[in-house]
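Residue-level listing of the chains:
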Amino acid sequence: MPRSKLTPRTRRSGRHPGLAVLGAPPMFSERVHVGRPNLGDRRAFLSRVADMLNRRWLSNDGPFVKELEARLADLVGVKHCVAMCNATIALEIAARALDLRGEVLVPSFTFIATAHALQWQGITPVFVDIDPRTHNIDPAAIERHITARTTGIVGVHLWGRPCDTAALEAIAARHNLTHFYDAAHAFACSHGGRMIGGFGACEVFSFHATKFLNSFEGGAVVTNDADLAHRMRLMRNFGFVDYDRVDYIGTNGKMNEICAAMALVSLDALPDFIAINRRNFEAYSRGLRELPGLSLVRYDPTERNNYQYVVVEVDPAVAPLHRDELISVLHAERVLARRYFWPGCHRMEPYRSLPSGTDARLPETERVASRVLVLPTGQGVTLGTVATICEIFRSAFDRAGQIRARLSGQ
Ligand code: T4K
């Protein structure tokens, strides 16, 4: 397994000799990424690839896809699972199969795909502010955005932490709206003891390489609604009902067999992935605990969590360095911490130039987006790497004045 390597100077001295942002050599000799894939057993994967080649069945509802769909539905506790080529297409297909049109309410503090999946098919995403405690869509802010054109709500379980599903369900029922979830981050997480996947009309998982469970590229929609699952299954394959009959407008959303093989092997390793992520999360938590103005986004210990995101909030009133200064410090050390999901969808094109962006008043989204940084974790990140990253934070806080002067060019 590839590991992030410490530079010889660190290994020799065993203590932090200086910061790269102030001219010292970087702490890491290789870049340490957020989103390094978790990998299952290689031999099991290669054996599945051999089976696939022997069968000459490479795509379109192959046996690995069927096996994956059955296992995912079982794990999540839903009746139907439709595997797709990625979560963006899965969101598009779900929105279309649910007949969403006009305006759909979404948080802006999410990956841009949540908004694009709607806009791509002529639905206007209307951005709603988040609850700063959960980083998820704020139920108290939803109703003021509902108009005669609103047809639905898409909640996003950001970082794998659940939306207030009961509140969203009640609002949707009150206004006769459809609601479903972008659960791209939330595979293998639970809410109120129920696995995420069974809430709303349907839920969409991502199995992109950077996700907790990966299939290279991939996604799935899970639902308890048989008709919806049937429509999505047809739409995933151009709308074909049989060899020559098309009933719906469709697209090519099929997952291929090699991606399904990867997902199946990843599924076998799920407990290991969770254990490693949790171990890293707890090590970061201990390592950053004493530092002023830093807080880690927490996971409810009574629920199932995948711990895939190590999210630090930097309070600019308390921490001696701001989020973006810390990002510069970390990048100089080759730790590619990310500003997910800055600046918010409403501040990106095309939305910032459309009424959905220009009319948006989202103070909590903007505040949280300016404070959050995401740190590397997963199988490729050792406890030694976590300890070094925490040491970089400590050194940076000790030399905050010098760093600020250097970064501002004084
Ligand atoms: N909804 C939400 C809430 C999402 O977060 C996402 C995706 C979606 C919907 C849509 O799901 P998909 O259609 O992708 O299934 C990434 C991913 O592309 C995206 O899947 C993900 N969310 C988003 C949060 O992050 P980038 O631009 O940060 O990814 P990328 O490809 O630059 O990778 C990040 C880092 O990971 C790289 O710098 C290096 C490392 N990496 C990446 C890949 C692909 C590896 O080490 N190996 C790899 O194979 O967007």
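Residues numbered from 1 in each chain as written. Predicted model: local features only at pLDDT ≥ 70, side-chain atom pairs only at ≥ 80, totals over all residues. Heavy atoms only, no water.

### Observations concerning the site of the ligand
Among the 25 residues in the neighbourhood of the ligand, the closest are listed as Arg36, Thr88, Asp182, Lys211 and Tyr340. In this structure, an oxygen atom belonging to the ligand sits 2.7 Å away from a side-chain N or O atom of Arg36. Within the side chain of His185, a nitrogen or oxygen atom sits 2.8 Å from an oxygen atom of the ligand. The fraction of the free accessible surface of the ligand (910 Å²) that becomes covered by protein chains is 76%. Elements with a minimum of two residues in the shell around the ligand: helix 4 (87-97) and helix 5 (112-119). When its residues are assigned to classes, the shell around the ligand shows ten nonpolar, eleven polar and four charged. (Near = heavy atom within 4 Å. Polar contact = N/O pair within 3.5 Å; in protein donor to acceptor, adjacent residues only side chain to side chain. Areas by Shrake-Rupley, 256 points an atom, 1.4 Å probe, with all protein chains shown as cover. Helix = DSSP H or I, 4+ residues; strand = E, 2+ residues; numbered from the N terminus. Nonpolar A, V, L, I, M, F, W, Y, C, P; charged D, E, K, R; others polar.)

### A closer look at a nonpolar patch on the surface
A cluster of nonpolar side chains, Phe238, Phe240 and Val246, forms an exposed patch at the surface whose accessible area comes to about 240 Å². For Phe240, the position within the fold is in strand 11 (residues 240-242). (Patch = residues over 30% accessible without salt bridge, like charges linked within 9 Å, V, L, I, M, F, W, Y side chains within 5 Å. Salt bridge = Lys/Arg side-chain N within 4 Å of Asp/Glu carboxyl O.)

### Remarks on the packing of helix 2 (residues 42-55) against helix 3 (residues 63-76)
Helix packing for two helices is described by the angle between their axes and how far apart those axes are. Running from amino to carboxyl end, helix 2 crosses helix 3 at an angle of 130 degrees, the nearest separation of the two axes being 11 Å. Classed by the angle they form, the pair helix 2 and helix 3 counts as oblique. Contacts between helix 2 and helix 3 pair Arg48, Asp51, Met52 and Arg55 from the former with Pro63, Phe64 and Glu67 from the latter. The class makeup of the residues in the contact of helix 2 with helix 3 is three nonpolar, no polar and four charged. (Axes fitted to C-alpha atoms, helices over the stretch in contact; angles between N-to-C directions. Parallel < 35°, antiparallel > 145°, perpendicular 65-115°, else oblique. Contact = heavy atoms within 4.5 Å.)

### Some thoughts on the sheet that holds strand 5 (residues 150-156)
Neighbouring strands of a sheet are bound in pairs by backbone hydrogen bonds; such pairs are parallel or else antiparallel. What the seven strands build is an open sheet, ordered 2-10-9-6-5-3-4; its pairing is mixed. The two strands at the open ends of the sheet, each matched to only one other strand, are strand 2 (80-84) and strand 4 (124-128). In this sheet, adjacent strand axes meet at a mean angle of 25 degrees when their direction is disregarded. Taken together, the five bridges between strand 5 and strand 6 (residues 178-182) define a ladder with parallel strand orientation. Looking across to strand 6, one finds that Gly152 is bridged to Thr178. Where helix 3 meets the sheet, it contacts strand 2, strand 9 (203-206) and strand 10 (219-223), and its direction lies at approximately 130 degrees from that of strand 2. Where helix 4 meets the sheet, it contacts strand 2, strand 6, strand 9 and strand 10, and its direction lies at approximately 165 degrees from that of strand 9. (Pairing = 2+ DSSP bridges.)

### Here's the deal with the nonpolar core
Grouped together as the largest cluster of nonpolar side chains are 53 residues, with contacts concentrated most on Trp159, Leu288, Leu373, Leu375 and Phe393. By residue number, the principal contributor to this core is helix 14 (residues 383-398), which donates seven residues. Those residues in contact with Leu288 that lie beyond four places of it in its chain are Leu294, Leu296, Val312, Leu375, Cys390 and Phe393. (Core = buried A, V, L, I, M, F, W, Y, C linked by side-chain atoms within 4.5 Å. Buried < 20%, exposed > 50% of the residue type's maximum accessible area, 1.4 Å probe, protein only.)

### Things to note about the sheet that holds strand 16 (residues 372-375)
Across the sheet, three strands lie side by side as 13-14-16; this open sheet has antiparallel pairing. Among the strands making up the open sheet, the edge pair consists of strand 13 (294-296) and strand 16. Across the sheet, the mean angle from the axis of one strand to that of its neighbour is 30 degrees, orientation sign disregarded. Where helix 10 (residues 270-288) meets the sheet, it contacts strand 13, strand 14 (310-314) and strand 16, and its direction lies at approximately 160 degrees from that of strand 13.

### Description of the pattern of salt bridges
Close approach of charged atoms allows side chains with opposite charge to pair. If you walk through the whole model with that rule in mind, you get 19 salt bridges. For the salt bridge of Arg323 with Asp324, the shortest nitrogen-to-oxygen distance reads 2.5 Å. The partner of Arg339 in a salt bridge is Asp324, with the nearest N and O atoms 3.3 Å apart. Linking Arg339 in the loop between strand 15 (335-336) and helix 12 (355-358) with Asp324 in helix 11 (residues 323-332), this pair joins segments that are 15 residues apart in sequence. For Arg339, a relative accessible area of 30% corresponds to the partly exposed category. Note on Asp324: relative accessible area 36%, which makes it partly exposed. Through salt bridges with shared partners, a single network forms among Asp61, Glu69, Arg233 and Arg236.

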